[in-house]
Structure formats: C-alpha cells, structure tokens
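What follows is the residue order along each chain.
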Amino acid sequence: VDLQNYNIKARVFVPDTKDFFEKVLHVYRNYKEALKKGRKASYRIRTNFTWKKAAKRMAQIIESHYYEREGNGNLPIQESADRGDHGARLEHCEV
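A brief look at the structure comes next. (Residues numbered from 1 in each chain as written. Predicted model: local features only at pLDDT ≥ 70, side-chain atom pairs only at ≥ 80, totals over all residues. Heavy atoms only, no water.)

A closer look at the pattern of salt bridges
The line we're drawing: The salt bridge criterion pairs a side-chain nitrogen of Lys or Arg with a carboxyl oxygen of Asp or Glu, the two atoms within 4 Å. Where helices and strands are cited, they refer to DSSP runs of H or I of at least four residues and of E of at least two residues respectively, numbered from the N terminus.
Applying the stated criterion across every chain yields a total of three salt bridges. With its nearest N and O atoms 2.9 Å apart, the salt bridge here joins Lys23 to Asp19. Of this pair, Lys23 and Asp19 both sit in helix α1 (residues 17–29), four residues apart, which is roughly one turn of the helix. Close ionic contact of Lys37 with Glu33 constitutes a salt bridge, the shortest N to O distance being 3.3 Å. Of the two residues, Lys37 and Glu33 both sit in helix α2 (residues 31–48), four residues apart, roughly one turn of that helix.

As structure tokens, then:
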C-alpha cells in the first residue's frame, strides 16, 4: 500500500500467505501437538492475565508514579480482595 501521496507515515503489515498456509498445514498435520500447546497457552492466559492481577499492577504503577511526584507515602491503596471485589482500588488521592 502506497501512503506517500497522503502524507501519512505508517508501517503496513503485508501478510505472508505462504508462511500462513505452512503454519496451518503444520497444525493440521500435528493436531495433538497443537492441541497440547493451545491448552497450555489457554491455562497460562487464564491464570496470569486476570482482571484482579491487572488492577493490582495498575495500582502499583499509579502508586509508584505518585511517590516519585509527591515524595511521600500518603497514597492509601487498599487491597480489595478483602471486600470480595476485583483488584485494588484507590481509596483517596489528592492531585
């Protein structure tokens, strides 16, 4: 795709159909192996990428940036696991 006439700077992905076909064929010919890999990946995603973990990580990021900016430890982050809610929540933050 030529985007030069539109003054757009972008990278365009052009799929390699031959490579894609070879990968699909490999899965078809090695279905048990692909199924095993898929199940393993599914477990990893369901275990490591939960909303609770994402919320905790976001709270850590916000807290660390706040401490860098403010230079104090007055940003109370309460773990919401005690409340039966998902992740951590900022209880109070004066900006």
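Structural notes on the packing of α1 against α2
Just so we agree on the cut-off: Axis angles are defined between N-to-C directions and span 0 to 180 degrees, where every axis is a line fitted to C-alpha atoms and, for a helix, only to the segment in contact. Roughly parallel covers angles under 35 degrees, roughly antiparallel covers those over 145, roughly perpendicular covers 65 to 115, and oblique covers all other angles. Contacts are assigned to residue pairs that have any heavy atoms within 4.5 Å of one another. Side-chain classes are defined by residue name, with Ala, Val, Leu, Ile, Met, Phe, Trp, Tyr, Cys and Pro counting as nonpolar, Asp, Glu, Lys and Arg as charged, and the others, Gly among them, as polar.
Put simply, α1 and α2 touch, their axes get as near as 5 Å, and they point 100° apart. With respect to their mutual orientation, α1 and α2 come out roughly perpendicular. Across the interface between the two elements, His26, Val27, Tyr28 and Arg29 of α1 pack against Tyr31, Glu33 and Ala34 of α2. For the contact of α1 with α2, the residue count by class is four nonpolar, one polar and two charged.

Looking at α1
Which entries qualify depends on this criterion: Here the expected length of a helix is defined as 1.5 Å per residue gap, with one fewer gap than residues. Three exposure classes are used, based on accessible area relative to the maximum for each residue type with a 1.4 Å probe and protein chains only: buried under 20%, partly exposed in between, and exposed over 50%. The term polar contact refers here to a pair of N or O atoms within 3.5 Å; inside protein, the definition further demands a hydrogen-donor-capable atom paired with an acceptor-capable atom, and it admits residues adjacent in sequence only when both atoms are side-chain atoms.
Along its 13 residues, α1 runs 18 Å from first to last C-alpha, staying within 8% of the 18 Å computed at 1.5 Å per residue. Taken across its 13 residues, α1 has zero buried, putting it largely on the surface. Between a side-chain oxygen at the N-terminus of α1 and the backbone nitrogen of Lys18 the separation is 3.2 Å; the capping residue is Asp16.

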